Amino acid sequence: MSMSAGAADGLSLTLATHPAFGRLIVLAPPGGGGGARLTAQEALTLSRALAAVRAGRSAEREIYLSPIASNADVLGAVEDDGVRLRLGEFETRLDWSAVEALAAALATAAES
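The shown structure was predicted, so the numbers you read here are calculated from the model rather than taken from an experiment. (Residues numbered from 1 in each chain as written. Predicted model: local features only at pLDDT ≥ 70, side-chain atom pairs only at ≥ 80, totals over all residues. Heavy atoms only, no water.)

Novice: I'd like a description of the overall build of the protein chain, backed by residues and values.
Specialist: A tally of helices and strands in the protein chain yields two helices and seven strands. Reading the secondary structure of the protein chain in the N-to-C direction produces β-β-β-α-β-β-β-β-α. A compact globule built from 112 residues would reach a C-alpha radius of gyration of about 13 Å, and the protein chain, at 13 Å, matches this within 12%. In the protein chain, which comprises 112 residues, the proportion classed as buried is 46%. When the accessible area of the protein chain is evaluated, it comes to approximately 5,700 Å², of which 50% is carbon and sulfur surface. (Helix = DSSP H or I, 4+ residues; strand = E, 2+ residues; numbered from the N terminus. Rg over C-alpha atoms; globule rule 2.2 N^0.38 Å. Buried < 20%, exposed > 50% of the residue type's maximum accessible area, 1.4 Å probe, protein only. Areas by Shrake-Rupley, 256 points an atom, 1.4 Å probe, with all protein chains shown as cover.)

Rendered as structure tokens:
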């Protein structure tokens, strides 16, 4: 599973299996360490939140998700020109095209 080249600052999405939660979508920083393991519902929720702030449908300035199967919280600080995304100890700044790519990739992963 991948996002368009250069989009979302090298973040990757992979699938994993958890004994209690089943299929998980792993959102990981470059190098793979410290990512967030999301259920399909969590991935879809994050996708919708990112898409809403990208499209201007939400005035929220912060996105927060504490995934049930992960030790890494997801925190997004909405800025005028994108989102500063934090996955545990990893932080990156996404411009609006990267936010859009990440939202689409999360939705695809959640719905497949």
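Let's pick the thread back up.
Novice: Describe the packing of helix H1 (residues 40–55) against helix H2 (residues 96–111), naming the residues involved and giving the relevant values.
Specialist: The angle between the axes and the distance between the axes are what describe a pair of packed helices. H2 packs onto H1 with a crossing angle of 150° between their chain directions and a minimal axis gap of 8 Å. Between H1 and H2, the crossing angle belongs to the class labelled roughly antiparallel. For the pair H1 and H2, the crossing hand works out as left-handed. Here H1 contributes Ala40, Ala43, Leu44, Leu46, Ser47, Leu50, Ala51, Val53 and Arg54 to the contact with H2, which in turn contributes Trp96, Val99, Glu100, Leu102, Ala103, Leu106, Ala107, Ala110 and Glu111. (Axes fitted to C-alpha atoms, helices over the stretch in contact; angles between N-to-C directions. Parallel < 35°, antiparallel > 145°, perpendicular 65-115°, else oblique. Left-handed = near helix turned anticlockwise from the far one by under 90°. Contact = heavy atoms within 4.5 Å.)

Novice: Give me the sheet that holds strand S1 (residues 12–18): which residues, what numbers.
Specialist: Taken in spatial order, the three strands line up as S1-S2-S3 in an open sheet, and their pairing is antiparallel. The outermost strands of the open sheet, each flanked by one partner alone, are S1 and strand S3 (36–38). Taken over all neighbouring pairs, the strand axes of this sheet differ in orientation by 30° on average, direction set aside. Against the sheet, H1 makes contact with strand S2 (22–28) and S3, and its axis sits at roughly 105° relative to S3, the strand it touches most. (Pairing = 2+ DSSP bridges.)

Novice: How would you sum up the side chain of Glu42? Please name residues and give values.
Specialist: In this fold, Glu42 is placed in helix H1. The buried charged residue Glu42 lacks any salt bridge partner; its closest oppositely charged side chain belongs to Arg37, at an N-O distance of 8.9 Å. Separated by 2.9 Å, the side chain of Glu42 and the backbone nitrogen of Ile68 make a polar contact. Excluding residues that lie within four positions of it along the chain, Glu42 makes contacts with Arg37, Leu65, Ser66, Pro67 and Ile68. (Lys, Arg positive; Asp, Glu negative; His and termini not counted. Salt bridge = Lys/Arg side-chain N within 4 Å of Asp/Glu carboxyl O. Polar contact = N/O pair within 3.5 Å; in protein donor to acceptor, adjacent residues only side chain to side chain.)

Novice: So what's going on with H1? Residues and values would help.
Specialist: In a regular helix each residue adds 1.5 Å, so 16 residues correspond to 22 Å; H1 covers 22 Å between its end C-alpha atoms and thus fits that length. Every buried residue belonging to H1 is among Glu42, Ala43, Leu44, Leu46, Ser47, Leu50, Ala52 and Val53, and all of these are buried. Among the structural elements, S2, S3, strand S4 (62–65), strand S5 (74–79), strand S6 (82–87) and H2 are those in contact with the buried residues of H1. Positive phi appears at Gly56, one or two residues downstream of H1, with a value of about 80°. (Expected span 1.5 Å × (residues − 1).)

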